[in-house]
Amino acid sequence: MKRSGNLKLRHAAKNLILKKQIGIVIFIYFGIQLSKKTSTMNKRKLFFSAFLLLAGMGISKAQFGVIKPDDMDQMHNRTLVVVVESPSDQLTEKISKKHKADGPGAYSKAIDAYNKNFADAINQFWKVSADMDNIEFKSLDEVNDISDKKNYVVMFCRSVTKDDIIAPYPAKNGIMWWPDYKEVAHDKDFTGKITVMGIALLDKFAKGGPIYQIAMPDLYPTKEDLKYAVNVASSYIMYKVNHRNDNAKKLDDQMLQENQAALRDRTLLLPRDYLDKKLTKIQLDKAYPYPYMVVGMDTIKRAIDSADSKYAIAMAVPTDLESTATGGVEYVQCVFTPDDGNLEGSSGVPGIASDPKSGEINAATASKPLITKKSLMDFCMYLNDSGGNSDSGNKKGKR
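Residues numbered from 1 in each chain as written. Predicted model: local features only at pLDDT ≥ 70, side-chain atom pairs only at ≥ 80, totals over all residues. Heavy atoms only, no water.

**Some details on the overall build of the protein chain**
Right, on to step 1. When helices and strands are tallied, the protein chain shows 14 helices and 11 strands.
Right, on to step 2. Taking all 399 residues of the protein chain together, 56% fall into the buried category.
Right, on to step 3. When contacts within the protein chain are restricted to residue pairs at least 6 apart in sequence, those whose partners lie at least 24 apart make up 74%. (Helix = DSSP H or I, 4+ residues; strand = E, 2+ residues; numbered from the N terminus. Buried < 20%, exposed > 50% of the residue type's maximum accessible area, 1.4 Å probe, protein only. Contact = heavy atoms within 4.5 Å.)

Right, here's the structure in full:
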């Protein structure tokens with residue numbers, strides 16, 4: 001059964017989507033909202049539109065920064081140094097007052113776990129650096145003390161608002177930590193903040209914005225968040241390296257067209273909590289006519305952690321830091337394969353689903369579903385245009 005409809009109309013719709021994304025690249029909606037502000041905001045919009053990552057609607061919105069050929073060469077040839085987190089004396093003191101028994105210990109363990117998970121993700125998935133045996137891990141102070149800065153590229157994670165996403169790392173650095181952020185949500189404001197993984201040339205680390213950033217699903221990066229970010233970033237950058245002579249403006253579109261064929265042979269894991277609950281199995285099969293399973297987050301985390309090549313995974317990624325009526329963060333969707341980090345599909349259907357205080361994705365109170373029928377159709381857009389077998393997944397689809 002092939003999808004009905006006029007092919008020209010589908011191509012027109014696809015082109016409209018791509019224009020929307022590329023116009024705001026890396027968090028397309030970032031730019032859309034910023035354009036409503038002052039001339040300064042308009043400048044930020046132009047800056048964001050230079051960012052590329054999640055091709056299609058979702059690609060542009062989930063990553064920040066235009067990676068130039070020279071930047072790619074620098075990332076490849078320089079030594080990679082990774083910023084590790086260290087406990088903050090100020091936060092330790094505050095936690096000690098609220099949680100005298102185990103607060104500081106939980107805070108310290110959370111940072112130790114993050115540092116280990118970040119290092120593991122880099123060792124497992126990072127492919128860009130020429131010398132993978134000499135990656136260095138240093139505190140921010142140690143990174144700033146490096147004298148031969150032109151020989152280093154620096155990788156880091158930080159929690160940001162829309163106003164400091166383009167600022168140098170030292171201006172607003174580090175991740176917002178709290179061992180039990182739900183408990184203290186009433187007095188600690190996380191509204192409009194996301195956590196990104198970024199890359200910068202060390203000699204420009206304190207002078208300008210990073211050359212690349214990718215948003216992570218959670219404000220407090222889990223092991224799976226870090227693996228997703230490092231894996232996708234590495235794959236995306238290497239694709240640009242290997243296609244540096246291709247048309248840069250069409251590269252994201254080209255990448256999705258090449259990668260999307262893999263969806264025919266993989267099972268797409270759809271997170272149950274983020275899927276539009278009004279969709280019936282018949283509607284799901286029609287919107288996404290390839291193998292899929294509707295599963296809990298534990299299954300998705302296991303697939304990411306094990307880099308399972310049997311699956312593709314639908315992700316909800318923050319994109320818009322503009323304040324909303326509920327104080328939440330807006331999300332868009334993408335599909336990636338956990339074994340190689342390839343982006344297979346993307347969609348720009350906005351869904352607001354973030355707790356206004358903790359920053360935690362709260363699908364139960366989302367004003368819009370995070371993954372809709374339109375999202376599913378976007379995920380396999382190029383397969384349908386090229387005459388993909390629309391019956392291939394119906395027998396395996398599980399709700």
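Having seen the structure, we can now continue with the description.
**Looking at the nonpolar core**
Right, on to step 1. Judged by nonpolar contacts, the single largest core of 63 residues is most densely connected at F118, I122, W126, M155, M197, I199 and Y228.
Right, on to step 2. Here this core gets 9 residues from one element, more than from any other, and that element is helix α9 (residues 223-242).
Right, on to step 3. Ignoring anything within four residues of it in the chain, the contact list for I122 reads L80, V82, M132, I135, F137, M155 and V230.
Right, on to step 4. L268, Y274, Y288 and L376 belong to the second-largest nonpolar core, a separate cluster that totals 23 residues. (Core = buried A, V, L, I, M, F, W, Y, C linked by side-chain atoms within 4.5 Å.)

**Structural notes on a positive patch on the surface**
Right, on to step 1. On the surface, K68, K150, K204 and K207 cluster together into a positively charged patch.
Right, on to step 2. Mapped onto the elements of the fold, K204 is located in the loop between β5 (194-201) and β6 (212-215).
Right, on to step 3. Residue K204 is classed as partly exposed on the basis of its relative accessible area, which comes to 48%. (Patch = residues over 30% accessible without salt bridge, like charges linked within 9 Å, V, L, I, M, F, W, Y side chains within 5 Å. Areas by Shrake-Rupley, 256 points an atom, 1.4 Å probe, with all protein chains shown as cover. Salt bridge = Lys/Arg side-chain N within 4 Å of Asp/Glu carboxyl O. Lys, Arg positive; Asp, Glu negative; His and termini not counted. Charge placed at Lys NZ, Arg CZ, Asp CG, Glu CD.)

**Section: the pattern of salt bridges**
Right, on to step 1. Counted under the stated rule, the structure contains 11 salt bridges.
Right, on to step 2. Here D120 makes a salt bridge to K116, at a shortest N to O gap of 2.7 Å. Separated by 4 residues within a single helix, D120 and K116 lie in helix α7 (residues 103-125), roughly one turn from each other.
Right, on to step 3. On the basis of relative accessible area, D120 is assigned to the partly exposed category, the value being 33%.

**Topic: the side chain of N231**
Right, on to step 1. By the element assignment, N231 lies in helix α9.
Right, on to step 2. Leaving out residues up to four positions away in the same chain, N231 has contacts with F125, K127, F336, T337, P338, D339, D340 and G341.

**Things to note about the packing of α9 against helix α12 (residues 297-306)**
When two helices pack together, their arrangement is given by the angle between their axes and by how far apart the axes lie.
Right, on to step 1. In the contact formed by α9 and α12, the axes pass within 9 Å of each other and the chain directions differ by 50°. Considered as vectors, α9 and α12 are oriented oblique to each other. α12 is crossed by α9, and the crossing has left-handed handedness. Here K223, E224 and K227 of α9 come into contact with α12, specifically with K301, I304 and D305.
Right, on to step 2. Counted by class, the contact of α9 with α12 contains 1 nonpolar, no polar and 5 charged residues. (Axes fitted to C-alpha atoms, helices over the stretch in contact; angles between N-to-C directions. Parallel < 35°, antiparallel > 145°, perpendicular 65-115°, else oblique. Left-handed = near helix turned anticlockwise from the far one by under 90°. Nonpolar A, V, L, I, M, F, W, Y, C, P; charged D, E, K, R; others polar.)

**So, the side chain of T372**
Right, on to step 1. Within the secondary structure, T372 sits in the loop between β11 (343-352) and α13 (373-379).
Right, on to step 2. Engagement of the side chain of T372 in a polar contact is seen with the backbone nitrogen of K374, the distance being 3.3 Å. (Polar contact = N/O pair within 3.5 Å; in protein donor to acceptor, adjacent residues only side chain to side chain.)

**Brief notes about the confidence of the model for the protein chain**
Note that predicted coordinates carrying low pLDDT should not be read in detail.
Right, on to step 1. In this model, the protein chain carries a mean pLDDT of 75, and residues with pLDDT of at least 70 account for 66%.
Right, on to step 2. Here helix α2 (residues 28-34) is the element of the protein chain with the lowest mean pLDDT, 30, and strand β8 (residues 292-295) is the one with the highest, 97.
Right, on to step 3. The model gives residues 181-188 a pLDDT under 50, and that stretch makes 15 contacts with residues more than four places away or in other chains.
Right, on to step 4. A low-confidence stretch, residues 386-395 (pLDDT under 50), is modelled with 21 contacts involving residues beyond four sequence positions or located in other chains. (pLDDT = per-residue confidence, 0-100.)

**Section: unusual backbone geometry**
Note on backbone geometry: most residues besides glycine have negative phi, and most peptide bonds are trans.
Right, on to step 1. The phi dihedral of A307 is positive, around 50°, even though this residue is not glycine.
Right, on to step 2. As for its position among the elements, A307 is in the loop between α12 and β9 (311-320).

**Looking at helix α5 (residues 69-77)**
Right, on to step 1. Among the residues of α5, D71, M72 and M75 are the ones counted as buried. When α5 is viewed along its axis, its buried side chains cluster within an angular range of 100° and face the same direction. (Arc of directions from axis to C-beta.)

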